Amino acid sequence: MDPARLRDSTQIVLPTGTPDRIHRDLESEFSVTIVEDGPTARVIGSPLVIKDVSRYLTRRGVALR
């Protein structure tokens, strides 16, 4: 498997300015780890959880990269 594809299926990069409340909600609702990475944050989890997180963020109006 291509490493970039695996990484894309196991993490989401949150855009700058995503409210801290969203970070807390993600950690309480899903089995993920949030890693601060300068002005952005990475949400790391299993591929299935990342799909659920992506849908959750989209419903809350968070634009994903």
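This is a predicted model, so every value here is computed, not measured. (Residues numbered from 1 in each chain as written. Predicted model: local features only at pLDDT ≥ 70, side-chain atom pairs only at ≥ 80, totals over all residues. Heavy atoms only, no water.)

Enquirer: What is the right way to look at the nonpolar core in this model?
Expert: Judged by nonpolar contacts, the single largest core of 15 residues is most densely connected at L14, L26, V32, V43, V53 and L57. Of all the secondary-structure elements, those providing two or more residues to this core are β1 (11-14), α2 (20-29), β3 (40-44) and α3 (47-59). Ranked by the residues each element gives to this core, the list is headed by α3, at five residues. With sequence-adjacent residues up to four places away left out, V32 is seen in contact with L26, E27, V43, I44, G45, V49 and V53. (Core = buried A, V, L, I, M, F, W, Y, C linked by side-chain atoms within 4.5 Å. Buried < 20%, exposed > 50% of the residue type's maximum accessible area, 1.4 Å probe, protein only. Helix = DSSP H or I, 4+ residues; strand = E, 2+ residues; numbered from the N terminus. Contact = heavy atoms within 4.5 Å.)

Enquirer: Hey, could you run me through the packing of aromatic side chains in this one?
Expert: Each aromatic ring pair is specified by the distance between its two centres and by the angle formed by the two planes. As enumerated under the stated definition, the model contains one aromatic pair in all. Centre to centre, the rings of F30 and Y56 are 5.3 Å apart; their planes meet at 80°, and the pair counts as edge-to-face. One end of the pair, F30, is in the loop between α2 and β2 (33-37); the other, Y56, is in helix α3, with 26 residues separating them in the sequence. F30 sits in the buried class, given a relative accessible area of 19%. In this structure, R60 is placed above the aromatic ring of Y56, and the distance from its NZ or CZ to the ring centre is 3.6 Å. (Phe/Tyr/Trp six-rings, centres within 6.5 Å; stacked < 30°, edge-to-face > 60°. Lys NZ or Arg CZ within 6 Å of the ring centre and 35° of its normal.)

Enquirer: Which parts of the structure should I look at to understand the pairing of β2?
Expert: It is a general feature of regular strands that their side chains alternate between the two faces of the sheet. Judged from the five bridges that link them, β2 and β3 form a sheet pairing that is antiparallel. Each bridged residue has a counterpart across the sheet, and for T33 the counterpart in β3 is I44. Taken together, β2 and the strand that follows it, β3, pair antiparallel across an intervening segment of two residues, in which G38 is found at a positive phi of about 70°. (Pairing = 2+ DSSP bridges.)

Note that all results are geometric; they support no functional claim without further evidence.
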